Amino acid sequence: MARGKPVASIRKAYAEASAAAGVTNTVPRDLKRTAVTWAFQKGMTKEDAADWFDTTSQTLERVYRQHSPDHLSRALSIMERKGS
């Protein structure tokens, strides 16, 4: 590991850091998945997340949105309404 020097290979640096931490079976995109999941769980909007994580709204909706505490809340409230 070249301490204080720029990372030449993210893949190699990630593998070394994972090994040092005793973490196996992960890839760098797992970090993004975790960050996006936590952001939605804390209430970040899809629009803000798209800008922050440089990811399309469509990808966020398809892959991550289910982690939002608001996900399906409107649908749930409609289904819980008593008959009119």
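My aim in this report is to walk through the structure given alongside it, one point at a time. Bear in mind that the values here come from a model prediction, so they are computed numbers and not experimental data.

Things to note about the nonpolar core
Membership of the largest hydrophobic core is limited to eight residues, which are Val36, Ala39, Phe40, Ala49, Ala50, Phe53, Leu60 and Tyr64. Contributions of two or more residues to this core are made by α2 (29-41), α3 (46-52) and α4 (57-64). With three residues, the single largest contributor to this core is α2. Not counting chain neighbours up to four residues away, the residues in contact with Tyr64 comprise Lys32, Arg33, Val36, Thr37, Phe40 and Thr59.

So, the side chain of Asp30
Positionally, Asp30 belongs in helix α2. For Asp30, the residues in contact, after removing those within four places along its chain, are Tyr14 and Asn25.

Each value, and the rule that gives it
Residues numbered from 1 in each chain as written. Predicted model: local features only at pLDDT ≥ 70, side-chain atom pairs only at ≥ 80, totals over all residues. Heavy atoms only, no water. Core = buried A, V, L, I, M, F, W, Y, C linked by side-chain atoms within 4.5 Å. Buried < 20%, exposed > 50% of the residue type's maximum accessible area, 1.4 Å probe, protein only. Helix = DSSP H or I, 4+ residues; strand = E, 2+ residues; numbered from the N terminus. Contact = heavy atoms within 4.5 Å.

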